[in-house]
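Chain by chain, the residues:
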Amino acid sequence: MATSFWIAGPARGELRAAALGALAPGHVRVKTRYSGISRGTERLVWNGRVPPAEYERMRAPFQDGAFPYPVKYGYCAVGRIVEGPRAGARVFALHPHQDLFDVPDAMALPIPDGVPDEAAPLAAHMETAVNALWDHPVRVSDRVAVVGLGAVGLCVAQLAARVPGVDLVAIDPAPAARARARAAGLRIAEAAEGCDLVFHASGTAAGLAAAIAAAGFEATIVELSWYGEGTVAAPLGGAFHAKRLTLAASQVGAVSPSRRATRDHLGRLALALALLAEPSLRPDLGPALAFADLPARYAEALDAHPSPLPLVAYD
């Protein structure tokens, strides 16, 4: 038997048990140790804000159910193979919150030795950051701003700051986010201006406005947030046109055109896992929530948890 977390209705979660059955050929069975709650996307699912036109594109790789509800959602699972090829191996899989699950062997990526179990769930967000920097590379001596220091924004900032000569500023009004960025050695500011490249990952209209304000002449603002249903106010008046700004989307669903000939989705994810072997690239994700408590504490994890990626512990 396996137990999984389902979003059963508007802002309502529950644990459901189901039999896995015999392991299919070419699959592995994974006992989960941690999963990560991807706050931005999972908050939209929790609140029923996935637009009907995006139901198919928004499906997680091993999602059950259908939008809007009930749905088993998530994509940051870490565990150990207990049956099938490579038994005993530590692996990462794009699987929802569940204590025991089956996936094709190729979809269970090995976790490098230098990556702790509790850091590996961040791979999905590091992958998004890698794709964003493939889409819009940071060049030597660029002036860069990152607005929104959740899991994705923090990964982007940490990677971009390693380019020689880059002058990078990290922007987020939340004290916990600012503390995380400061601990990572990033320069914090209330605002910025004159930047060559701006990455926006706050998921808010205020953050988007701050990103546009930070952009210099003929700069690019890279939008990494996904807002779900509705529209978002964007200040496209003022100097937006006079500065000849570009507002560009970057999204992890497709490999960046700049690397599509040489990298596939699994190769990109494997790269993200390998990057997490560098201690300075993985923030402290803090104490984990118990899986059994997830229905009662999921809303707290989405809205009030201090971690950029709240962890769920299964043992």
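I will try to describe carefully the structure that is included in this document. (Residues numbered from 1 in each chain as written. Predicted model: local features only at pLDDT ≥ 70, side-chain atom pairs only at ≥ 80, totals over all residues. Heavy atoms only, no water.)

### Considerations on the nonpolar core
Inside soluble globular proteins, nonpolar side chains tend to come together where they are buried.
Consideration 1: Phe-92 and Phe-199 are the most contacted members of the largest nonpolar core, which has 72 residues in total.
Consideration 2: In this structure, Ala-145, Ile-171, Ala-189 and Tyr-227 belong to the second largest nonpolar core, which totals 18 residues. (Core = buried A, V, L, I, M, F, W, Y, C linked by side-chain atoms within 4.5 Å. Buried < 20%, exposed > 50% of the residue type's maximum accessible area, 1.4 Å probe, protein only.)

### What to know about the state of the cysteines
Consideration 1: As enumerated under the stated definition, the model contains zero disulfides in all.
Consideration 2: Cysteine Cys-155 is unpaired, with the sulfur of Cys-76 as its nearest cysteine sulfur at 11 Å.
Consideration 3: Residue classification places Cys-155 among the buried residues on the basis of a relative accessible area of 1%.
Consideration 4: No disulfide involves Cys-195; its nearest neighbouring cysteine sulfur is the one of Cys-155, lying 20 Å away.
Consideration 5: The exposure class assigned to Cys-195 is buried, which follows from its relative accessible area of 5%. (Disulfide = S-S within 2.5 Å.)

### With respect to the pattern of salt bridges
Consideration 1: Scanning the model with the defined rule gives 16 salt bridges in all.
Consideration 2: The partner of Arg-187 in a salt bridge is Asp-167, and the shortest N-O contact between them spans 2.6 Å. Residue Arg-187 is found in the loop between α4 (175-183) and β12 (195-200), and its partner Asp-167 is found in strand β11 (residues 167-171); the two are separated by 20 residues along the sequence.
Consideration 3: A relative accessible area of 38% means that Asp-167 is categorised as partly exposed.
Consideration 4: Here the salt bridges do not stand alone but share partners, grouping Arg-12, Glu-14 and Arg-16 into one network. (Salt bridge = Lys/Arg side-chain N within 4 Å of Asp/Glu carboxyl O. Helix = DSSP H or I, 4+ residues; strand = E, 2+ residues; numbered from the N terminus.)

### Observations regarding the side chain of Asp-117
Consideration 1: The topology assignment puts Asp-117 in the loop between β9 (109-110) and α2 (123-135).
Consideration 2: The class of Asp-117 is buried, set by a relative accessible area of 11%.
Consideration 3: A polar side-chain atom of Asp-117 sits 3.0 Å from a polar atom in the side chain of Arg-33.
Consideration 4: There is a polar contact of 2.5 Å between the side chain of Asp-117 and the side chain of Arg-90.
Consideration 5: Discounting chain neighbours no more than four positions away, the residues touching Asp-117 are Arg-33, Tyr-34, Val-78 and Arg-90. (Polar contact = N/O pair within 3.5 Å; in protein donor to acceptor, adjacent residues only side chain to side chain. Contact = heavy atoms within 4.5 Å.)

### A short note on the sheet that holds strand β13 (residues 215-223)
Two modes of strand pairing occur in sheets, parallel and antiparallel, and in both the strands are linked by backbone hydrogen bonds.
Consideration 1: Strand order in the open sheet formed by five strands is β11-β10-β12-β13-β14, and the pairing between neighbours is parallel. Where the open sheet ends on each side, the last strands, each with one partner, are β11 and β14 (246-249). Within the sheet, the average angular offset between the axes of one strand and its neighbour, ignoring direction, is 20°.
Consideration 2: Where helix α3 (residues 151-160) meets the sheet, it contacts β10 (143-147), β11 and β12, and its direction lies at approximately 165° from that of β10. (Pairing = 2+ DSSP bridges. Axes fitted to C-alpha atoms, helices over the stretch in contact; angles between N-to-C directions.)

### Side note on the pairing of strand β3 (residues 27-36)
Consideration 1: For β3, a buried count of seven out of ten residues is recorded, marking the element as mostly surrounded by other parts of the structure.
Consideration 2: In terms of strand pairing, β3 meets strand β8 (residues 100-104) through five bridges, oriented antiparallel. Paired with Val-28 across the two strands is Val-103, which belongs to β8.
Consideration 3: With six bridges joining them, β3 and strand β6 (residues 77-83) adopt antiparallel strand pairing. In the sheet register, Val-30 faces β6, and the bridge partner there is Ile-81.
Consideration 4: With three bridges connecting them, β3 and strand β16 (residues 311-313) associate as antiparallel partners. Residue Ser-35 lies in a different strand from β16, and its bridge partner there is Val-312.

### Digging into the packing of aromatic side chains
Consideration 1: According to the stated counting rule, one finds six aromatic pairs in the structure shown.
Consideration 2: Where Tyr-73 meets Tyr-75, the ring centres are 6.1 Å apart and the plane angle is 85°; that geometry is what we call edge-to-face.
Consideration 3: Through successive ring pairs, a cluster of aromatic residues spans Tyr-55, Phe-67, Tyr-73 and Tyr-75.
Consideration 4: The residue whose ring lies beneath Arg-16 is Trp-6, and the NZ or CZ to ring-centre distance is 4.6 Å. (Phe/Tyr/Trp six-rings, centres within 6.5 Å; stacked < 30°, edge-to-face > 60°. Lys NZ or Arg CZ within 6 Å of the ring centre and 35° of its normal.)

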